[in-house]
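# Observations on the model geometry
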Amino acid sequence: MHEFRTHNCNELNTSNVGETVRLSGWVHRKRDHPNALFVDLRDHYGLTQVVVYPDQPFYEQVKRTTPESVIQITGEVLPRDADQVNPELATGEVELRADAFEVHSSADQLPLPVFGEPDYPEDIRLKHRYLDLRREKLHKNIVLRGQVINSIRRRMIELGFNEFQTPILTASSPEGARDFLVPSRLNPGKFYALPQAPQQFKQLIMVAGFDKYFQIAPCFRDEDARADRSPGEFYQLDVEMSFATQEDVFNVIEPVMAGVFEEFAEGRTVETPFPRIPYKESMAKYGSDKPDLRNPLILNDVSDFFTDEDLTGFGLFKKIVGGGGKVIAIPAPKAAAEKSRKFFDNLDKWAKKEMQMPGLGYARLSEGEDGATKSQDPVLKNFKPDHLVKILDQLGLTAGDGVFFAAGKVGDAYKLAGAARDVVGKELGLIEEGIFKFCWVVDYPMYEYDEDNKKVDFSHNPFSMPQGGMEALETMEPLDILAYQYDIVCNGIELSSGAIRNHRPDIMYKAFEIAGYDQQTVDTEFAGMINAFKYGAPPHGGLAPGIDRIVMLLAGAENIREVIVFPMNQQAQDLMMNAPSDVESKQLRELHLRLDLPKEK
RNA sequence: GCGGGUGUAGCUCAGUUGGUUAGAGCGCUGGCCUGUCACGCCAGAGGCCGCGGGUUCGAGUCCCGUCACUCGCGCCA
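Residues numbered from 1 in each chain as written. Chains lettered and ligands numbered in written order. Predicted model: local features only at pLDDT ≥ 70, side-chain atom pairs only at ≥ 80, totals over all residues. Heavy atoms only, no water.

### Some words on the sheet that holds strand β5 (residues 94–105)
- An order of β1-β2-β3-β5-β4 is seen for the five strands of this closed barrel, with the pairing classed as mixed. Ignoring which end each strand starts from, the neighbouring axes of this sheet average 55 degrees apart.
- Here strand β1 (residues 20–32) runs beside strand β2 (residues 37–42); their pairing, made up of six bridges, is antiparallel. Across the sheet, the residue bridging to K30 is V39, located in β2. (Pairing = 2+ DSSP bridges. Helix = DSSP H or I, 4+ residues; strand = E, 2+ residues; numbered from the N terminus. Axes fitted to C-alpha atoms, helices over the stretch in contact; angles between N-to-C directions.)

Okay, structure coming up:
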């Protein structure tokens, strides 16, 4: 007989009755009765009920065994009487009678219970992650993560992609997010950077002629966390292919994404094909470049209705529009009829508090004595009747409906409107459930105006090919130039960003020139890549869907920590391993570093 | 860096207008119970009410500060 176990805890059934077997696992629950002590024994696979009778010499010892201790039971598999079968359990038709008992490891009082699935404090969960990971939901999420990655890998290999590993210690890049830096011992004063993504490497792999590449790649960015963004590190399905148009990339990746989601959908619908939404349209309709298409609400630019105060009797919005701003309406169908005034006031409060905006206007629509739709709320109260009919007509709203107004500078107004669209949709219960709604967001602008530095800068990825190529760069207004740049969005979560790359040195220099970088800067900052492109580079493109977010969606998790085995907290600390930590001064000396810490408050 | 929320027993939470000895469930310890499977019943142990200051005759409760966790903003080519 095996030293530890002959079966796992999800395995025994009526066919094993009469066999003498051995199980090892954790003490999940105990139920103490005068005639018998029941122990639910748990391992990775499941639960088995062990019954210990009082005539056993180890009876008292088992009774005193603490939950989560690791024990081993050897004994005979017994059938259960029909009225004692537990249909919830795979092993519920049998139980294991303990004839021998051994403790592998006994557990102290637990900082958090394993049994049950209520919420526990995040810091305790993270500090004792190994306990948290024993809990059913989290354990399942992590197993799912492994399965999703296996499925992705299988699909990519079947499509002829080659998986390579790229360096973890690489060079800092001036573009993009803040780098994690690693000091070089052998090169005093110089630093490696952890890759924000294997961006340049994958393009060089194309230049090297490997044609199709993928990698489940670790990426490192020293930026602050969000619910769907872990601090520090995350994984991407990094993909690049040669001689590929944007259409080719879509045709390869869409079935992979849809396939993976279908494989793990468990009854949820995956809508295909993914609609394609130009960036501009996405901003106008959803106030976001990651629209949640489960939400039926569509934004409406009503700025023009507020230009004439004689028609509106409302000066505030006129002022905003006159100053180049926008007034964006968020319809709230049936809200006036079904929700109280508090609902509307709370959204205004939310805009002020959470979004740190001046406020969110609203109007509730009701039927007046003459049968016409009216509003007693400030924004629409003094509208001339004809004018009111026009704006309500454009909004498609009538008595019983509500409407919110986000007003301000163009960027602010759409940002607030987009966020409000999410909140209103949720509050009104309009978000479709049990479905994955994907889209490609396409035609991102190549450049944007950087208000901070008062200059034109790349809006996304400087290595993207501008639509129209060199001619566009030479003839068009920079801010009007689009890029072959695309995102995959699912249920309002940005899953992936990608592009057809700029593989032509001449176009590259020109593109950087427009953003204010001279040729020499390009030559030094992107030396590896720009040099490579001078020796024959294939047209190529790719993308990089976020693995953690894919698993998060499939697991139905609200937070990305729920799909990461050992995540860090919001302050990018690993509470279990105590990272980051102080180091010995010897280590610093070897690295030629001296600390210059901020003064204690 | 900024804004919001939370912080009371090992864990989840309640705690009235500021008023006696701060409670419940789970867990723990002991006892009882003829087979449970979220077993049940009885008893017990367990509290720097996050921390520091203030107001007050009196603070878990009010005020100020601070810390921790978290959500968002900034940031994230």
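### What to know about unusual backbone geometry
- Cis peptide bonds are those with omega within 30 degrees of zero, and the linkage from T272 to P273 qualifies with -5 degrees.
- Even without being glycine, E68 reaches a positive phi, approximately 75 degrees.
- Checked against the element boundaries, E68 lands in the loop between α1 (59–63) and β4 (70–79).
- What makes E68 buried here is its relative accessible area of 4%.
- Phi is positive for D443, close to 60 degrees, though the residue is something other than glycine.
- Checked against the element boundaries, D443 lands in the loop between β20 (438–442) and β21 (447–450).
- Its relative accessible area of 23% is what places D443 among the partly exposed residues. (Buried < 20%, exposed > 50% of the residue type's maximum accessible area, 1.4 Å probe, protein only.)

### Some details on the packing of helix α4 (residues 136–158) against helix α6 (residues 246–263)
- For the pair α4 and α6, the least separation of the axes is 10 Å and the interaxial angle reads 145 degrees. For the pair α4 and α6, the crossing hand works out as right-handed. Contact with α4, carried on its side by V148, S151, I152, R154, R155 and M156, involves I253, V256, G259, V260 and E263 of α6 and no other residues of that element.
- Considered class by class, the residues forming the contact of α4 with α6 number six nonpolar, two polar and three charged. (Left-handed = near helix turned anticlockwise from the far one by under 90°. Contact = heavy atoms within 4.5 Å. Nonpolar A, V, L, I, M, F, W, Y, C, P; charged D, E, K, R; others polar.)

### Points about the confidence of the model for chain A
- For chain A, mean pLDDT is 91; residues scoring 70 or higher make up 99% of the total.
- Reported confidence for the predicted complex is 0.87 by ipTM and 0.92 by pTM. (pLDDT = per-residue confidence, 0-100.)

### Describing the sheet that holds strand β23 (residues 485–490)
- The mixed open sheet is built from eight strands, whose spatial order is β6-β9-β10-β25-β24-β23-β20-β12. Edge positions in the open sheet fall to β6 (162–163) and β12 (276–278), since each of these has one partner strand only.
- As defined by bridge partners, strand β10 (residues 232–242) adjoins strand β25 (residues 540–545) across four bridges and the pair is classed as antiparallel. By the bridge assignment for β25, E240 is matched with G542.
- Those strands touched by helix α5 (residues 199–207) are β9 (212–221), β10 and β25, and its axis lies near 20 degrees from that of β10.

### What to know about the pairing of β9
- β9 sits mainly inside the fold: seven of its ten residues count as buried.
- Of the strand pairs in this sheet, β6 and β9 are connected by two bridges, and their pairing is parallel. Its bridge partner being in β9, E163 is matched across the sheet by F214.

### Some points on the packing of aromatic side chains
- Going through the model one piece at a time under the given rule, you end up with 28 aromatic pairs.
- A centroid spacing of 6.4 Å and a plane angle of 40 degrees characterise the contact between F274 and W440, whose relative ring orientation is tilted. Linking F274 in the loop between β11 (269–270) and β12 with W440 in strand β20, this pair joins segments that are 166 residues apart in sequence. Taken as a pair, F274 and W440 share a single burial class, namely buried.
- One aromatic cluster in this structure is built from F250, F261, F274, F436, F438, W440 and Y486.
- Between R29 and the ring centre of F115, over which it is positioned, the NZ or CZ distance is 3.8 Å.
- Positioned over the ring face of F344 is R364, at 6.0 Å from the centre of the ring. (Phe/Tyr/Trp six-rings, centres within 6.5 Å; stacked < 30°, edge-to-face > 60°. Lys NZ or Arg CZ within 6 Å of the ring centre and 35° of its normal.)

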